[in-house]
Amino acid sequence: MLSFTNFQPLKFKASERGKHLKKTNIYLFQLTGFLFFGSLFVFSLIFFKERTILYDPSFFSFRIIFEKSYDVELGRWGSVLSQILPLWFLKSGCYLKTFLQVYSVSYILIYYLIFLFITLVLKNLRAGLILMFTLCLAFRHAFYYSTAELYQGLALCVLVWAIAFPENPYNSVKKKNIAYFFAAVLIFVISYYHQLTLFPLIFMFLYEMVSGRKFNDRHLIFLFAFTILWFFIRVEFLTTSDYEKGKIPTLHVFAEQFKNIRVLPSYIYFKTYTKGFLIPLVTLNIISLLFLLFRRKWLSLLLIILFNGGFILLNIITYFHGESPLMYENYYTVLGLFCAIPLSELLFNIERKALFWLITTLILLINLEGIYSAHYPFTQKVEYLERITDYGRKMPEKKYIIDSKNFPWQYGWVSWALPFETLLASSIESPDSSVSVCMANPVTQYDSIANWKDIFLGPAWAITWFWTPNLDHHYYALPSGGYKKLTNLQSDSAFKESNFSNHNILITPLQDNIAVNREKYAVIPIRITNESGYKLNAIPVGSNQVFLSYHVYSEKGEVVLWEGHRTSLETDIEKESIQGLIFNSELKKGKYILDIDFVTENVRWWNIDSKVELIVK
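Treat the numbers as computed from the prediction; the structure is a model and nothing was measured.

Procedures and definitions
- Residues numbered from 1 in each chain as written.
- Predicted model: local features only at pLDDT ≥ 70, side-chain atom pairs only at ≥ 80, totals over all residues.
- Heavy atoms only, no water.
- Helix = DSSP H or I, 4+ residues; strand = E, 2+ residues; numbered from the N terminus.
- Buried < 20%, exposed > 50% of the residue type's maximum accessible area, 1.4 Å probe, protein only.
- Contact = heavy atoms within 4.5 Å.
- Pairing = 2+ DSSP bridges.
- Axes fitted to C-alpha atoms, helices over the stretch in contact; angles between N-to-C directions.
- Polar contact = N/O pair within 3.5 Å; in protein donor to acceptor, adjacent residues only side chain to side chain.
- Expected span 1.5 Å × (residues − 1).
- Core = buried A, V, L, I, M, F, W, Y, C linked by side-chain atoms within 4.5 Å.
- Phe/Tyr/Trp six-rings, centres within 6.5 Å; stacked < 30°, edge-to-face > 60°.
- Lys NZ or Arg CZ within 6 Å of the ring centre and 35° of its normal.
- Salt bridge = Lys/Arg side-chain N within 4 Å of Asp/Glu carboxyl O.
- Parallel < 35°, antiparallel > 145°, perpendicular 65-115°, else oblique.
- Left-handed = near helix turned anticlockwise from the far one by under 90°.

K.L.:
I tried to follow the side chain of T227 on my own but got confused; where do I start?
P.N.:
Along the chain, T227 falls in helix α10 (residues 218–237). With a relative accessible area of 0%, T227 lands in the buried category. Residues contacting T227, with those up to four places away along its chain left out, are I187, L198, L201 and F205.

K.L.:
Hey, could you run me through the sheet that holds strand β8 (residues 522–530) in this one?
P.N.:
Sheets are built from strands paired through backbone hydrogen bonds, the pairs being either parallel or antiparallel. As summarised here, the arrangement of the 3 strands in space is β6-β8-β11, forming an open sheet in which the pairing is antiparallel. The open sheet is flanked by β6 (505–509) and β11 (576–583), the only strands paired with a single partner. Across the sheet, the mean angle separating the axes of adjacent strands is 35° when strand polarity is ignored. Strand direction decides the pairing type here: β6 and β8, joined by 5 bridges, are antiparallel. Each bridged residue has a counterpart across the sheet, and for I507 the counterpart in β8 is I528. This element, helix α19 (residues 376–393), spans β8 and β11 of the sheet and lies at about 160° to β11.

K.L.:
Help me understand the sheet that holds strand β5 (residues 484–485) in this model?
P.N.:
The sheet built from 3 strands is open, its strands ordered β2-β1-β5 with parallel pairing. Each edge of the sheet is formed by a strand with only one pairing partner; in this case those strands are β2 (436–440) and β5. Lying on the sheet, helix α21 (residues 418–427) is in contact with β1 (399–403) and β2; it crosses β2 at an angle near 160°.

K.L.:
Help me understand the side chain of Q83, please; the structure alone is not making it clear to me.
P.N.:
Mapped onto the elements of the fold, Q83 is located in helix α4 (residues 80–91). In this structure the side chain of Q83 is engaged in a polar contact, spanning 2.7 Å, whose partner is the backbone nitrogen of D71. Those residues in contact with Q83 that lie beyond four places of it in its chain are F60, I64, Y70, D71 and Y103.

K.L.:
Is there a simple way to explain helix α9 (residues 198–211) in this structure?
P.N.:
Because each turn of an α-helix spans 3.6 residues, side chains separated by three or four positions end up pointing in the same direction. Under the 1.5 Å per step criterion, the end-to-end length of α9 is 20 Å for 14 residues, consistent within 8% with the ideal 20 Å. A large share of α9 lies buried, amounting to 12 of its 14 residues. Those residues of α9 lying buried are L198, P200, L201, I202, F203, M204, F205, Y207, E208, M209, V210 and S211.

K.L.:
Can you walk me through the nonpolar core in this structure?
P.N.:
Considering soluble globular proteins, one finds that nonpolar side chains tend to be buried as a cluster. By size, the foremost hydrophobic cluster in this structure holds 205 residues, and its most contacted members are L137, F583 and F598. With 13 residues, helix α7 (residues 149–164) is the single largest residue contributor to this core. Ignoring sequence-local partners within four residues, the contact set of F583 consists of V516, Y521, A522, I524, Y550, V552, L594 and L614.

K.L.:
Sorry, what's going on with the packing of aromatic side chains here?
P.N.:
We describe a pair of aromatic rings using the distance from one ring centre to the other and the angle between the two ring planes. Throughout the structure, instances matching the rule amount to 67 aromatic pairs. When the centroid spacing of 5.5 Å and the interplanar angle of 70° are considered together, the rings of F199 and F311 count as edge-to-face. Linking F199 in helix α9 with F311 in helix α15 (residues 298–318), this pair joins segments that are 112 residues apart in sequence. A relative accessible area of 3% places F311 in the buried class. When the centroid spacing of 5.8 Å and the interplanar angle of 90° are considered together, the rings of F420 and F466 count as edge-to-face. Here F420, found in helix α21, pairs with F466, found in strand β4 (residues 466–467); they are 46 residues apart in sequence, far enough to count as distant. Here F420 and F466 have matching classes, each one buried. Among the aromatic residues, those joined into a ring-pair cluster are F59, F62, F66, W416, F420, F456, W461, W465, F466 and Y476. Geometry around F143 places R51 over its ring, the cationic atom sitting 4.5 Å from the centre.

K.L.:
Mind showing me how you'd approach the pattern of salt bridges here?
P.N.:
Two side chains bearing opposite charge may form a pair once their charged atoms approach each other closely. A full pass over the atoms with the stated rule returns 20 salt bridges. The salt bridge involving R63 is made with E73; its shortest N-O contact spans 3.6 Å. Remark: E73 occurs in the loop between α3 (55–67) and α4 and R63 occurs in helix α3; sequence separation between them is 10 residues. Between E149 and R76 there is a salt bridge; the shortest N-O distance is 3.2 Å. With a gap of 73 residues between them, E149 in helix α7 and R76 in the loop between α3 and α4 connect regions that are remote in the sequence. For the pair shown, E149 and R76 are each scored as buried. One salt-bridge network, in which partners are shared between bridges, spans R63, E67 and E73.

K.L.:
What am I meant to see in unusual backbone geometry here?
P.N.:
Most of the time, phi is negative for any residue but glycine, and the peptide bond is trans. For the bond from N441 to P442, the omega torsion is 5°, close enough to zero to count as cis. Inspection of the secondary structure puts P442 in the loop between β2 and β3 (455–456). We note that K68 has phi near 55°; this positive angle belongs to a residue other than glycine. One can find K68 in the loop between α3 and α4. Judged by relative accessible area, which is 31%, K68 ranks as partly exposed.

K.L.:
Could you clarify how one ought to interpret the pairing of strand β14 (residues 610–616) in this entry?
P.N.:
Two faces make up the sheet, and in a regular strand the side chains alternate between them. Side chains S610, V612, L614 and V616 of β14 all project onto a buried face; the interleaved residues K611, E613 and I615 project onto a face where none is buried. Across 4 bridges, strand β7 (residues 513–516) lies against β14 in parallel orientation. Paired with V516 across the two strands is V616, which belongs to β14. Across 7 bridges, the pairing between strand β12 (residues 590–600) and β14 is antiparallel. Bridge pairing in β14 links K591 to I615.

K.L.:
Just to check I follow, could you spell out the packing of α3 against helix α5 (residues 96–121) for this structure?
P.N.:
Angle between the axes and distance between the axes: these two values describe a pair of packed helices. At their nearest, the axes of α3 and α5 sit 12 Å apart, and the two run at 125° to each other. Relative to α5, α3 is oriented oblique. The handedness of the crossing between α3 and α5 is right-handed. Along its contact with α3, which presents F60, S61, I64 and I65, the element α5 presents L96, F99, L100 and Y103.

Quick look at the structure:
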């Protein structure tokens, strides 16, 4: 039997056979890394819109184009590295689509370069495995939130681990001093990516102290102390952003909210997210804990439990008011590193090399599939942007306002970036196709400034930050005039719901069948044709609000659900419009008939009769 200890470069015998095995394993690692990061690269290309024109990434993309320079937010200078390549393409005069694609893949290229440095230069294969696991075990929706500096910081944390804990020990004190000096410099750099990188760094050092019984290692103690001291200085004295300061909960908040933890929206989301997406991570954590239990590594076992539990609690208490799923999941990516280190230790103790590669491959494939499948809400958001901007192109204004009641919060999640999201999404085709949509609450919120010349309504916290003459006309072409409302009140005196019926309103599903996936909901594209001669207003107000909804029947035609989820119209409908109906009802697995209809609350269903097959997986 081939002992897996022979697999590690540190344990090879000085023989030709040992050298051959070492080369073979390095080649296999390079092939695995190439396929893993190659898959992420392909995902980044396919879903470049999902990764660069939504939420915070849309603002980064917009600002880089606007300033023709790096965009550093909240003093996190580490983001500059990921912007070098797209900025170079931008200054070379590339198309908008090319810029966004390069921006999307630049992160993966950085991760892969770190992997190559770790495995080829430092020859630390275990660190290479840790890096791959860190970037997939807790990444689902987070993969599509590309600009989060925390993820880049995590990759660099693994680089610190590779330098500080080499597979071939440094053969002189001088080399070890130099290595730990560079590790300290790297820690300094990492602190300017995200302040939460403190936790994975502390975990790494403590785990190695405990697991390797290195309590007397002066170099390790120095690096640990330096990390604590520098991050204290960085957070306490050098944090200038009110946003970051506001993210740190006080002890009073901890004590107060811990008593209510079971009813906090952040706790409820964590349970749902774990059940839907993190079962592989939970399973691997349990296996790692059993491995440590079997080897009687009690302190290592306790350390993993404390760090996982403590970090989850920190996230739940930090967002006790409630947040978008992106903010919750942004921080949970750290859990991947907490699992990757003990998991890699377990795998490197497997005696059969073939079994090691089988398990490693399965872990990577399962998590790559999980990342791919998590694109759904992001793709739905992109399609929503394309629907409302396509609708806006049919009118001359090109700048529009919608009411918050018409925004699809179910999968839209964040609304402040809508002006930039719509501008980027619509301009990919050409500058002449540019459209920008701003959300207001209520729709009249910006009436006093909406008709100013050259106005461009930006984020709510800086609504007049940008102006149309300052936009790069190589990428965008917006008129100098004011804004038009795409949604109007159903309480308007000109709107009468009795003007509409199944005789003059037609609903046509644009898909032959609808599948409900692991997200537990579906967005169904439908064409609504209005032949009434009256405008169908979109903003639901009053006691007789009008919504899109549905009934559900069994395949035999029996009623399964009568009162379906209500969906607000995305825009007013004068003659014809493509809209997204949200299906959001708990049903058992199977096939059903979905009957899409309009409903006037407390008055009537319109009985339009628009049926489509529904498949619940």
